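# Inside the fold
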Amino acid sequence: MSVQVLSLLPLSVLELLLCGVCGYVMGFSVEEETLQEKCVNLVGPQNLDGAGFYQDGDLIIGALVNVHNMAATRDLSFTRKTELTPCLGFQDHSVRWTQAVVFAVEEINRSPSLLPGVRLGFHVMDSCSRYPHSLMAAMSMISGGNKTCGITKPAKVLIGDSSSTQSILLSRTLSPLQIPMISYLASCPCLSNRQKYPNFFRTIPSDAYQARTMAQMAKRFGWTWVGAVVADNEYGRGAVQVFEEEIKGTGICLAFFHTLYREQLEKDAARAAATVQVSSARVILVFCWYIDVEVFLLELIRRNVTDRLFLASESWSTSTYLLANPQLYTITKGTLGVALRSVPIPGFNAHLQQLHPARYPDDEYLRILWENTFDCSPRKSSSEAIQKALPPCSGKESLEGVQTRFTDTSHLTVAYNIYLAVYAVAHALHSLLACTPQNKSDPTIKPKCSSPDNITPAQLLQHIGQVRFTTQLGEEFYFQDGSIPPVYDLVNWQRGPDGSFQYVSIGRVDGNQLIINESAISWPGDLGKIPVSVCTSECPPGTRKAIKKGLPVCCFDCLPCTEGEISNSSGSVKCHRCPQEFWSNSFRNECVPRETEFLSIRETMGITLISIAVSGTIVTATVAVIFLYHKSTPIVKANNSELSFLLLLSLKLCFLCSLVFVGQPSLWSCRFQQAAFGISFVLCISCILVKTIVVLAAFHSTRPGSSALIKWFGLGQQRGSVLVFTSVQVVICAIWLYVSPPSPRRNFGIQGSKVILECTVGSVVGFACVLGYVGFLAAVCFLLAFFARKLPDNFNEAKFITFSMLIFCAVWIAFVPAYVSSPGKYSVAVEIFAILASSFGLLFCIFVPKCYIILLKPENNTKKFLMGKA
C-alpha cells in the first residue's frame, strides 16, 4: 500500500486494516480470542456496531450504499480509540438501492442455471457519503469484521462506492489486495485508467461521454458562452476537463467555473450564484449531486435569477426530489439533462411492496424507513424508537399502495446499475466455478472444479474483467476499460397538465450518436424560443474589447475605458486618450474640458478658514485696545510695553497673511503669500525672543557685579534686535523671490478629471530656509524661556512664553508631513491651519493671562504683586 494512501487513513482505520485485512491476506485467523479483543479494543464496538445488513451464504458480496448523505464533524485527534461520527441525512431512495442488492441476490439464488448449488450472501453497509466511513465499512466487509471482529464471512468483491472520490481512494487502498470493486454511480473519467485503478469496474458510463454529449448540444443550439458549476471533487472537475477538451476550436467558451464543496455548501452556492447573476451566460452546465443543486438553485431564486437554462448531469436530471419542490418551478423550466437509462426490473416493484421488517429483522435501513413512513417502531425495545417516542407498530402496516420515493419504480436508473453489478459478479463466479470439461482421451483424468471456499479475490478480479453475458432485456453486457458502453436518455423538464413538474424524454445517446426531437423541447421563458447564450455582445461606445486570458479570441470582455480615455464607436479594440486640457465624461464616449479646483472663498472650507482668520484678527485688535487703555498699569508697562504692542501687530499680520492663501492662485498672490507668512512670523518670534532675553537680563542684573548687564538691553537695543532678526528673513525672502520665486501652475496629475490650480514653491531650498529660520528663532526662544521659567516672580512671563513656544513648535513639526502628503487645495488648507493654530497659541498663552489680571483681578495689577512682595 502506498505511503500516500496510508497517510490519509485515520488511526482507527489503520488499526482495523492491521487487525482484519492483514490477518485475512496472510492467513491468520481473525476469530482468535486475542485478536478479537485486540480489534475491539483498538477500534471500539461503536464503530462497527450496527454493521449494515448481512445475509450469510457460500460467497459474500459486499455493497457500499450512501444511505445517509452526510457525516457529523469528527474528532481527528490522534487518540488510541478513534470513533467515527454518526451519519446524518437519511435517504429513503437509497434504501431502494440496498434492496436492489437483496433482490438480485435472491433472484440469482433461485435461478437453476446461474450458480447452481452455490448460495450467494451479501453484506450491505452505509458509506455515509464520506471516505472515513466508506473505508471503515470496506475494511470491515473484506475482513469479515464487526463488533465481535470475526463472525461474518469476508466479502470477495465490493459493489460501490457511489462517489468518484471515495471510489478512487478505495480502489487505491484495495488494489494491492486485488479486491475487485464495481461501482454503480462513480462516473469520473479518471477511473477508466486501468494502470492506476486495475481493480475498478462500473456499471455506469464514464462522464467523458456525458460531457461530450453536453458539448454536442451546445454546438447544435449555437451556445458559445456556457458557465459551469460543479461538485468540488473528481466527478465535477473531471467532467469540466472533458467538456473543455471537447469545445476546443469550436468557438464555444467556458464563461466561468465554480465548485460546490459539501462542507461549505452555502458559501460556495452564494459565490456561484453571484457569478451567474452577473454573467452574460444563459446556459449553465451543472455537475453536482441533487442536494447541492437544490441549495444552488434556491440561492439563484433568492437573487431573482430565473432566466437561465441548465444542462443537468445524470445525478440530478431525473431527481424526483427536485421535481417535487414547487419553489424550483420558476427556475428549472426547460432544463435539459443527460440521464442514466431507465430500465424496468421485472418483479422488483412487487418485491418492494412486499417488504416488511419481520421478513428482514436485521435490516436496520428498512427499520428506519419503516419508522419514517408509518411513524411507528417495528421493534418494541428500539432505543431509537424510545428517543423518538414512537409507538410500536401493529404489524399490519404495508407498503402496498404507499406512494413514496422508495416505492416509485417508474424510473429505475441507479437501482438497475446495482442490479447489473450483482449479475456481473454472479456471471464471473459462474465462469470461475465451472468445471473443466472431461478429457475424452484420458478418462482417468477427472474434471477440475473450483470450490467457493478456494476462490481468491485475484481470480474473481480476472473473471470480472472478462465477463460477458446477455441481460434479461436481450442486451449484451461487457466491460470496456472497466466501464460499460455509453447509453443515455435526454430529458427536458416541463410543466405537466396538472401544474406539476416532470421530465420528458426528448432523445437519446447511443455511443457517439446524438438523437434529439427538438419539437418536444419546452424552452425557458414565455417566448418558447431557444435561448441565446453568446460569448459577448458587441462592445458599446465607452468600452473596448479585451481578450480573456486563457480563453479563445471569440470570447472577450467589454471593459470600460479608463479615466481620461474614450471610444466613440461600437466594437472599438482600443481607447483613445483625451488631450491634456480635456477629460472623459462618465460614459467614456466624449472628451469634455476639465474642471478647475482651488481653495475658493465660496466653498465651505475657504469660508471657514477666512472666518477663523478674521476672528483672530478681531481678538488681537481687542487685546491691543485693552492694553492701550491700560497702558499705564504695571502689568502693561512691565518688560517693555512697546514690544507687547509690536507683538500684537505681528500677530495681527500673521492672521491676515493667511487670507492671501485663499482664492485662485495668481503670480503675485503666490509670491506674496509665502513672503508675508515668513516675515510676519519672524517679526512675531523676534519680539518674543527679545522679551525673553530682557526677562533673563533683568533678573541676572540683580546679582552682585551684574548691574551693567541690563544696560546692553535697553529700548534701543530691543528695537534693533527685532529689526536685525526680521531683516535676515527679509533678505532670505528677497533672494528666494529673485532666484526662483513661487508661481501658479495647473496640476493635471493629482485628480484626473480636475485641474488643480496651485502655487509651486519654486525653490525648495528657499522655502526650507524660510521655515528653517522661523524654526531656529522659535527653538532659541523656547530654550531661553525654559531656563527663565522658575525665576522668582509672581508673574513670570517666561512661563507663558515657554508654553506658547511648545504649542508653536508642535504645530509646525506636525505641519511638515501633513503638508507633503496633502494633495491639491488641501495642502493650502493645511498651511493656513498651521498659521492660524500657531497664531492663536501665541496670542492666548502670552496675552490671556495679562488680560485676566487687567480685567478680572485689577487688585493684582500692582508692582509689588508682580515683584512677588505682596
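Residues numbered from 1 in each chain as written. Predicted model: local features only at pLDDT ≥ 70, side-chain atom pairs only at ≥ 80, totals over all residues. Heavy atoms only, no water.

## Things to note about the overall build of the protein
Looking only at helices and strands, one finds 27 helices and 27 strands in the protein. The burial tally for the protein puts 51% of its 870 residues in the buried class. Within the protein, counting contacts between residues at least 6 apart in sequence, those at least 24 apart form 70% of the total. Looking at the protein as shown, the accessible area adds up to about 39,300 Å², and 58% of this sits on carbon and sulfur atoms. (Helix = DSSP H or I, 4+ residues; strand = E, 2+ residues; numbered from the N terminus. Buried < 20%, exposed > 50% of the residue type's maximum accessible area, 1.4 Å probe, protein only. Contact = heavy atoms within 4.5 Å. Areas by Shrake-Rupley, 256 points an atom, 1.4 Å probe, with all protein chains shown as cover.)

## Re the sheet that holds strand E26 (residues 743-747)
Judged by pairing direction, the sheet is mixed, and its three strands sit side by side in the order E25-E27-E26 without closing on themselves. Since the sheet does not close on itself, it has two edges, and those belong to strand E25 (595-597) and E26, each with one partner. Adjacent strand axes in the sheet meet at a mean angle of 30 degrees when their direction is disregarded. In this structure, E25 lies alongside strand E27 (residues 754-760), joined through three bridges in parallel fashion. What sits directly across from Glu 597, in E27, is Ile 756. (Pairing = 2+ DSSP bridges. Axes fitted to C-alpha atoms, helices over the stretch in contact; angles between N-to-C directions.)

## Details of the sheet that holds strand E16 (residues 487-495)
With respect to topology, eight strands assemble into an open sheet ordered E10-E9-E11-E12-E13-E16-E17-E18, the strand pairing being mixed. Strand pairing shows two members of the sheet lacking a second neighbour, strand E10 (253-260) and strand E18 (513-516), which therefore form its edges. In this sheet, neighbouring strand axes are inclined to one another by 25 degrees on average, regardless of whether the strands run parallel or antiparallel. As paired strands, strand E11 (residues 283-287) and strand E12 (residues 309-312) are joined by four bridges and run parallel to one another. Bridge pairing links Val 286 to Ala 312 in E12. Contacting E11, E12, strand E13 (336-340), E16, strand E17 (501-510) and E18, helix H8 (residues 207-221) crosses the sheet at an angle of about 55 degrees to E18.

## Let's talk about the state of the cysteines
Scanning the model with the defined rule gives six disulfides in all. A disulfide bridge connects Cys 376 with Cys 393, and the sulfur atoms are separated by 2.0 Å. Taking the torsion about the sulfur-sulfur bond, which here is approximately 95 degrees, the covalent link between Cys 376 and Cys 393 counts as right-handed. One end of the pair, Cys 376, is in the loop between helix H15 (364-374) and helix H16 (383-388); the other, Cys 393, is in the loop between H16 and helix H17 (414-433), and 17 residues separate them in sequence. Here Cys 376 matches Cys 393 in class, with each residue buried. Linked covalently through their sulfurs, Cys 561 and Cys 575 form a disulfide whose S-S length is 2.0 Å. With the S-S dihedral at roughly -75 degrees, the linkage between Cys 561 and Cys 575 falls on the left-handed side. (Disulfide = S-S within 2.5 Å.)

## As for the packing of aromatic side chains
Using the criterion set out here, one finds 33 aromatic pairs in the structure. Ring geometry for Phe 53 and Tyr 360: centres 5.7 Å apart, planes at 80 degrees, overall edge-to-face. Highlighted residues: Phe 53 in strand E1 (residues 53-55) and Tyr 360 in the loop between helix H14 (348-353) and H15, separated in sequence by 307 residues. Across this residue pair, the class does not change: Phe 53 and Tyr 360 are buried. Counting every residue linked through ring pairs, the aromatic cluster contains Phe 677, Phe 681, Trp 736, Phe 767, Phe 808, Trp 812, Phe 815 and Tyr 819. The residue whose ring lies beneath Arg 194 is Phe 201, and the NZ or CZ to ring-centre distance is 4.8 Å. Arg 671 extends its terminal NZ or CZ atom over the ring of Trp 668, reaching a point 5.9 Å from the ring centre. (Phe/Tyr/Trp six-rings, centres within 6.5 Å; stacked < 30°, edge-to-face > 60°. Lys NZ or Arg CZ within 6 Å of the ring centre and 35° of its normal.)

## Description of helix H5 (residues 92-110)
Taking 1.5 Å of rise per residue, the 19 residues of H5 would be expected to cover 27 Å, and the 27 Å separating its terminal C-alpha atoms lies within 8% of that figure. For H5, a buried count of 16 out of 19 residues is recorded, marking the element as mostly surrounded by other parts of the structure. (Expected span 1.5 Å × (residues − 1).)

## Examining the confidence of the model for the protein
Should pLDDT be low for a region, the predicted coordinates there are not to be read in detail. Across the protein, pLDDT averages 82, with 85% of residues at or above 70. Counting interchain partners and residues more than four positions distant, the pLDDT-below-50 stretch residues 75-82 has 18 contacts. (pLDDT = per-residue confidence, 0-100.)

## As for empty space enclosed by the protein
Where empty space is left can be seen by rolling a probe of water-molecule size over the atoms. Taken as a whole and judged by the stated rule, the model has two cavities of 30 Å³ or more. Of the pockets and cavities examined, the largest cavity occupies roughly 370 Å³. In terms of lining residues, the largest cavity is bounded by 22 residues, among which Arg 96, Trp 97, Thr 318, Ser 319 and Thr 413 are the most central. Mapped by element, the contributors of at least two residues to the lining of the largest cavity are H5 and H17. Broken down by element, the residue count for the lining of the largest cavity peaks at three residues, all from H5. Its residues assigned to classes, the lining of the largest cavity comprises nine nonpolar, nine polar and four charged. (1 Å grid on protein atoms, 1.4 Å probe; cavity = no way out; pocket = protein on both sides within 12 Å on 5 of 7 lines; lining within 4 Å. Points joined across faces, edges and corners; volume = space filled by probe spheres on them. Nonpolar A, V, L, I, M, F, W, Y, C, P; charged D, E, K, R; others polar.)

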